[in-house]
Every structure is written in C-alpha cells, then in structure tokens.
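Residues per chain are reported as follows:
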Amino acid sequence: MLIRLLLSLLVLFTLSTSAFAGTIELLPAGPLVADGQTTLRVAMRIPGLTDADKVRARPESGELIAVSVAGPELVILHIKPVAATQADTLTVTMSVRGVMKLDEDIELPLLPPPSGEVVVSLSAEVMTYGAGGTATVTLRPQGAHPLPQSARSFLVTASEGKVSALTAAPDGSFTATWTPPAKGTVPGLVLFTATDATSPDRVVGFGTMAMAVKTKQVIDAPAGSRNTLVIGDVPYGPATATADGKVTFDAVLDPRKPTGTLPVRRRHGPAHGQHRRSQARQPHPRRLRALAAEPPRGGEAAPQPARAPRRRPPLVGRRADASGRHRRAERGQRLVLV
C-alpha cells in the first residue's frame, strides 16, 4: 500500500513538472510597429505544448483576431494593437489548459509607425532655360521612424530635367544633383517629389524650382516714345518705340513675377492723348495687357507751352474730351500676365 502511494506521488510530480516546463518564448523577440490598422502576426514557442492543449490569449488593449497552434510547441497570435505614439509594451495574458496548465503574461514591445516628412531644399530659387548650370537637391528626413537611419533609403524625382543618384551626408541628409532641360519656351515650376522607400505612403516631401525663359517682348507703345519695361524689380531698356508703335525688349520671364510696368517718356516731354488698350505680341501663352497714352492726333489743339520742370519728370498730361472735362492720362502702361 505504501509503495503504491509513493508511485502515485512520483507520477503526479512528473506530470506536474512537464505541465509547467519552460516559459513562453517570442519568435522573434524584436519590436512590432503598431499603427492601429495592421494586424500583427506574433509567433511564440511554448515548451511542452501538445495538440490536446487549448491556448487562449487576452491582450490588455487592442483587438485579438485569432490564436492558432501551428505545430508542436508553436503558437501564432494574430492581434491588432492600438496605434502607438511612442515606444511602449503591450501585455498579453496567455492561458493553456489540457495536459498542460499554464498562465503567463508576455510583453510585446511596440514602436510607433513611420511619421513626419522629407524636407526638400534647393541650392537656387530660379534658373533659366538654356543658361546651363545645375542645382543641388537636399533631402532632410524629419519625424519618428521604427527603422534606424542606416536602414532607410530615399527616392527623389523631378517633373523636368534629370536627377542624379542620392548620396548620404554625415549629418543624416541626402543630396543629389539636378540638371535642368536645355530648352524651354514657357516659364513655369518644376516639381520635386521625395519619398521614404521604406514607407512611401507615409513619409513624403515636395519642393519647387522656378524656371524662367529669356524671350523677346513686343509691346504696343506710342511711336517715338522712350520705354523701360520693369518685371518685378528688374528693368529692361530704355528702348524707343518704332514708327508703327512697337517697342521690343529682350526680357526674362519669371513665373513668380507675373506683372510688370512700362513707364512711357515722350521724345519732346509730356504729351496729351486719349486712352486706348493695346496687347503685347510675344511667344508666352499668357497675354500682356497694356494701358497706354498716344501722342496727339492731327488737327487737334497744339500742346500747351512747357511748364517749369518738376522734381519728378511728368509722364502724363491733360486734354479736354468731348464733354469739356479734363481727363488725366495714365502714367505709363501696367502689364498684367493673365
């Protein structure tokens, strides 16, 4: 009787020992990226687990999708954690019932998903078609990312021209050389797009380069008048209008500066005239509209005697219209790209 009791205790001790043999081992034990949308697959090994055992899991947060036994001692956990905003851990309580009885908490390390942007900067604000030269494109990643910088790669493209391969810099940025197109007839903007190749849908950046065009500008102006075309803060001229009322400038059109002015100076001082609109003829698809003053027509009253000079050279005059009122002519033309 005593011997039978001792054998029973020995068998029970052996079974209990095998039931609690080993702790849960994560495969692998590295961190998981939790974005709140992706279902994560967590593999773990439970020593002594058999096909007859039932495995359950209860996460402290998030959503448990499924628990499956994939083989001897191998369990697959499908779980969708809530989005992580910083490095954190998720506690999951594992329970095994059957031949084995086990209750154990495991800690799943979590990392936030990729976020931020790629700041794109250019070594020049504007370049001119056909003028030659290159520009340096610099990418500076910003924001959190679960991968180390050495494991990340970036891509950059341009809507025009050619971009060289990126080169990593010691400060964590990346640089490339951009060569603009050799020819262009219309001023515009070149769009640069940068993406993180490891998360192209989450980390992106944009940049723009203004491309100017050097072209002849033919504008209507009073015959014999002296004209200076000002686009932005750059003057062109002065140039004298031809007998058929045209004045030509070799100007650079910058897409960032769509307006310009054309002050008009008469050959013999201020002149009287009436308003009329004229349209510039130039290759740019946008049109230049101008408001100009013409010299007096034949048969009209002679100009008034010259007055004493003023501090500012007068560019306009007055004349009486049909109603007898005096109207002031515009001080030159204002050109608007439309």
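Refer to the preceding data block for the structure.
Residues numbered from 1 in each chain as written. Predicted model: local features only at pLDDT ≥ 70, side-chain atom pairs only at ≥ 80, totals over all residues. Heavy atoms only, no water.

**Thoughts on the overall build of the protein**
And then number 1: For the protein, the count of helices and strands is 1 helix and 27 strands.
And then number 2: Within the protein, the proportion of its 338 residues that are buried is 34%.
And then number 3: Accessible area of the protein: about 20100 Å², with a carbon and sulfur share of 55%. (Helix = DSSP H or I, 4+ residues; strand = E, 2+ residues; numbered from the N terminus. Buried < 20%, exposed > 50% of the residue type's maximum accessible area, 1.4 Å probe, protein only. Areas by Shrake-Rupley, 256 points an atom, 1.4 Å probe, with all protein chains shown as cover.)

**What about the sheet that holds strand E8 (residues 102-111)?**
And then number 1: Read across the sheet, 4 strands follow the order E2-E8-E7-E4 without closing on themselves; strand pairing throughout is mixed. In the strand order of this sheet, the two ends are held by strand E2 (32-33) and strand E4 (54-59), each with one partner.
And then number 2: Note: strand E7 (residues 88-97) against E8, 9 bridges, orientation antiparallel. Paired with Leu90 across the bridge in E8 is Leu108. (Pairing = 2+ DSSP bridges.)

**Structural notes on a negative patch on the surface**
And then number 1: Taken together, the side chains of Glu60, Asp88, Asp105 and Glu107 present a region of like negative charge at the surface.
And then number 2: Mapping Asp88 onto the fold places it in strand E7. (Patch = residues over 30% accessible without salt bridge, like charges linked within 9 Å, V, L, I, M, F, W, Y side chains within 5 Å. Salt bridge = Lys/Arg side-chain N within 4 Å of Asp/Glu carboxyl O. Lys, Arg positive; Asp, Glu negative; His and termini not counted. Charge placed at Lys NZ, Arg CZ, Asp CG, Glu CD.)

**Considerations on the nonpolar core**
And then number 1: Val42, Met44, Ile46, Val92, Met94, Ile106 and Leu108 are the most contacted members of the largest nonpolar core, which has 24 residues in total.
And then number 2: Mapped by element, the contributors of at least two residues to this core are strand E3 (40-45), E4, strand E6 (74-80), E7 and E8. (Core = buried A, V, L, I, M, F, W, Y, C linked by side-chain atoms within 4.5 Å.)

**Some details on the pattern of salt bridges**
And then number 1: In the structure shown here, the tally under the stated rule is 8 salt bridges.
And then number 2: Among the salt bridges present, the one from Glu25 reaches Arg45, with a minimum N-O distance of 3.7 Å. Of the two residues, Glu25 is situated in strand E1 (residues 25-27) and Arg45 in strand E3; the sequence distance between them amounts to 20 residues.
And then number 3: The salt bridge involving Asp250 is made with Lys216; its shortest N-O contact spans 2.9 Å. Here the residue Asp250 occupies a position in strand E20 (residues 246-253), and Lys216 occupies one in strand E17 (residues 204-220), the gap between them amounting to 34 residues.
And then number 4: A residue is classified by how much of its surface remains accessible, and Lys216, at 49% relative accessible area, is partly exposed.
And then number 5: Taken together, the salt bridges that share partners define one network made up of Glu25, Arg45 and Glu73.

This is a description of form; function is not addressed.
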